[in-house]
Amino acid sequence: QVQLVESGGGLVQPGGSLRLSCAASGRISSFNVMGWYRQAPGKERELVATITYGGSRNFADSVKGRFTISRDNAKNTVYLQMNSLKPEDTAVYYCHSVGYSGTVYWGHGTQVTVSS
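Residues numbered from 1 in each chain as written. Predicted model: local features only at pLDDT ≥ 70, side-chain atom pairs only at ≥ 80, totals over all residues. Heavy atoms only, no water.

Colleague: Mind laying out the pattern of salt bridges, listing which residues take part and the relevant values?
Modeller: Considering all chains together, one arrives at 4 salt bridges under this definition. The partner of Glu46 in a salt bridge is Arg38, with the nearest N and O atoms 2.7 Å apart. (Salt bridge = Lys/Arg side-chain N within 4 Å of Asp/Glu carboxyl O.)

In C-alpha coordinates, the structure reads:
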(Lines give C-alpha, C1' and ligand atoms only; values in the text may rest on other atoms or scores of the structure.)
Protein backbone atom coordinates (compact mmCIF):
# COMPACT_ATOMS: atom_id res chain seq x y z
CA GLN A 1 0.00 0.00 0.00
CA VAL A 2 1.35 3.42 -1.00
CA GLN A 3 0.16 6.66 0.55
CA LEU A 4 0.80 10.24 -0.51
CA VAL A 5 0.29 12.87 2.17
CA GLU A 6 0.19 16.54 1.24
CA SER A 7 0.83 19.48 3.53
CA GLY A 8 1.37 23.22 3.29
CA GLY A 9 -1.90 24.50 1.89
CA GLY A 10 -3.79 27.43 3.33
CA LEU A 11 -5.01 30.98 2.81
CA VAL A 12 -2.66 33.56 1.32
CA GLN A 13 -3.06 37.05 -0.10
CA PRO A 14 -2.49 37.75 -3.78
CA GLY A 15 1.23 38.09 -4.45
CA GLY A 16 2.09 35.83 -1.55
CA SER A 17 3.85 32.49 -1.43
CA LEU A 18 3.17 28.98 -0.22
CA ARG A 19 5.18 25.77 -0.23
CA LEU A 20 3.44 22.44 -0.64
CA SER A 21 5.01 19.16 0.38
CA CYS A 22 4.03 15.61 -0.47
CA ALA A 23 5.56 12.67 1.32
CA ALA A 24 5.10 9.14 0.03
CA SER A 25 5.16 6.09 2.20
CA GLY A 26 4.54 2.41 1.76
CA ARG A 27 5.78 -0.46 -0.37
CA ILE A 28 7.62 1.38 -3.06
CA SER A 29 11.28 2.24 -3.31
CA SER A 30 11.04 5.13 -5.72
CA PHE A 31 8.80 6.88 -8.22
CA ASN A 32 9.47 7.66 -11.85
CA VAL A 33 7.45 10.87 -11.91
CA MET A 34 6.15 13.00 -9.05
CA GLY A 35 4.14 16.14 -9.32
CA TRP A 36 1.08 18.22 -8.66
CA TYR A 37 -2.32 18.68 -10.20
CA ARG A 38 -5.06 21.06 -9.12
CA GLN A 39 -8.81 21.32 -9.39
CA ALA A 40 -10.75 24.54 -8.99
CA PRO A 41 -14.50 24.55 -8.28
CA GLY A 42 -16.46 23.69 -11.40
CA LYS A 43 -13.33 22.89 -13.41
CA GLU A 44 -11.50 19.76 -14.43
CA ARG A 45 -8.34 18.64 -12.70
CA GLU A 46 -5.29 20.04 -14.47
CA LEU A 47 -1.56 19.49 -14.40
CA VAL A 48 0.48 22.04 -12.49
CA ALA A 49 4.00 20.64 -12.55
CA THR A 50 5.87 17.36 -12.69
CA ILE A 51 9.44 16.24 -12.11
CA THR A 52 11.10 12.99 -13.08
CA TYR A 53 13.50 10.98 -10.93
CA GLY A 54 16.34 12.49 -12.95
CA GLY A 55 15.11 16.04 -12.44
CA SER A 56 13.38 16.87 -15.72
CA ARG A 57 10.58 19.35 -15.07
CA ASN A 58 7.34 20.22 -16.79
CA PHE A 59 5.06 23.14 -15.94
CA ALA A 60 1.65 24.36 -16.97
CA ASP A 61 1.94 27.61 -18.92
CA SER A 62 -0.17 29.38 -16.30
CA VAL A 63 2.44 28.82 -13.56
CA LYS A 64 5.72 29.11 -15.47
CA GLY A 65 8.02 31.63 -13.87
CA ARG A 66 6.04 31.62 -10.62
CA PHE A 67 6.12 28.01 -9.40
CA THR A 68 9.08 25.71 -8.93
CA ILE A 69 9.10 21.98 -8.27
CA SER A 70 11.75 19.89 -6.56
CA ARG A 71 12.04 16.45 -5.04
CA ASP A 72 14.08 14.52 -2.53
CA ASN A 73 14.47 11.04 -3.98
CA ALA A 74 15.86 9.60 -0.76
CA LYS A 75 12.71 10.66 1.07
CA ASN A 76 10.23 10.11 -1.78
CA THR A 77 9.07 13.66 -1.23
CA VAL A 78 8.09 16.31 -3.75
CA TYR A 79 7.76 20.04 -3.13
CA LEU A 80 5.94 22.82 -4.93
CA GLN A 81 7.09 26.37 -4.22
CA MET A 82 4.39 28.80 -5.31
CA ASN A 83 5.27 32.47 -5.60
CA SER A 84 3.35 35.50 -6.86
CA LEU A 85 0.11 33.70 -6.20
CA LYS A 86 -3.04 34.87 -7.95
CA PRO A 87 -6.71 34.38 -7.09
CA GLU A 88 -6.97 32.04 -10.08
CA ASP A 89 -4.49 29.71 -8.39
CA THR A 90 -7.18 28.90 -5.84
CA ALA A 91 -7.86 25.17 -5.99
CA VAL A 92 -7.40 21.86 -4.29
CA TYR A 93 -3.87 20.72 -5.05
CA TYR A 94 -3.27 16.99 -5.44
CA CYS A 95 0.01 15.17 -5.21
CA HIS A 96 0.51 12.72 -8.07
CA SER A 97 3.13 10.03 -8.47
CA VAL A 98 3.81 7.33 -11.02
CA GLY A 99 5.75 4.21 -10.17
CA TYR A 100 8.08 2.49 -12.61
CA SER A 101 5.40 -0.15 -13.14
CA GLY A 102 3.09 2.57 -14.42
CA THR A 103 0.86 2.56 -11.37
CA VAL A 104 -0.54 6.01 -10.59
CA TYR A 105 -1.00 7.25 -7.05
CA TRP A 106 -2.91 10.27 -5.78
CA GLY A 107 -2.97 12.16 -2.52
CA HIS A 108 -6.18 13.36 -0.91
CA GLY A 109 -5.51 17.00 -1.73
CA THR A 110 -4.76 20.22 0.11
CA GLN A 111 -6.71 23.45 -0.28
CA VAL A 112 -4.95 26.58 -1.50
CA THR A 113 -6.96 29.79 -1.35
CA VAL A 114 -5.62 33.07 -2.70
CA SER A 115 -7.73 35.96 -1.53
CA SER A 116 -7.47 39.37 0.05
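Picking up where we left off.
Colleague: Which residues make up the nonpolar core, and what are the values?
Modeller: By size, the foremost hydrophobic cluster in this structure holds 29 residues, and its most contacted members are Trp36, Leu80, Met82 and Tyr93. For this core, the elements supplying multiple residues, two or more each, are strand S1 (2–7), strand S3 (18–26), strand S4 (33–39), strand S5 (46–52), strand S7 (67–72), strand S8 (77–82), strand S9 (91–98) and strand S11 (110–114). Here this core gets 4 residues from one element, more than from any other, and that element is S3. What Tyr93 contacts, discounting residues up to four positions off in sequence, is Glu6, Leu20, Trp36, Tyr37, Arg38, Val48, Phe67, Leu80, Met82, Gly109, Thr110 and Val112. (Core = buried A, V, L, I, M, F, W, Y, C linked by side-chain atoms within 4.5 Å. Buried < 20%, exposed > 50% of the residue type's maximum accessible area, 1.4 Å probe, protein only. Helix = DSSP H or I, 4+ residues; strand = E, 2+ residues; numbered from the N terminus. Contact = heavy atoms within 4.5 Å.)

Colleague: So, the pairing of S11: which residues are in play, and what are the values?
Modeller: Burial along S11 is one-sided: Thr110, Val112 and Val114 are buried, and none of Gln111 and Thr113, which face the opposite way, are. Note that strand S2 (residues 10–12) and S11 share 3 bridges and pair parallel. Counterpart to Leu11 in the pairing with S11 is Thr113. Pairing between S9 and S11: 3 bridges, direction antiparallel. (Pairing = 2+ DSSP bridges.)

Colleague: If you had to explain the packing of aromatic side chains to someone new, which residues and values would you point to?
Modeller: Summed over all chains, the structure comprises 2 aromatic pairs. Consider the rings of Phe31 and Tyr105, whose centres lie 5.8 Å apart with planes at 80°: the pair is edge-to-face. One end of the pair, Phe31, is in the loop between S3 and S4; the other, Tyr105, is in strand S10 (residues 104–106), with 74 residues separating them in the sequence. Among the residues examined, Tyr105 registers a relative accessible area of 19% and is labelled buried. Ring centres of Tyr37 and Trp106 lie 5.1 Å apart, and the angle between their planes is 70°; on these two criteria the pair is classed as edge-to-face. Of this pair, Tyr37 sits in strand S4 while Trp106 sits in strand S10, placing them 69 residues apart in sequence. (Phe/Tyr/Trp six-rings, centres within 6.5 Å; stacked < 30°, edge-to-face > 60°.)

On their own, these measurements won't tell you what the molecule is for.
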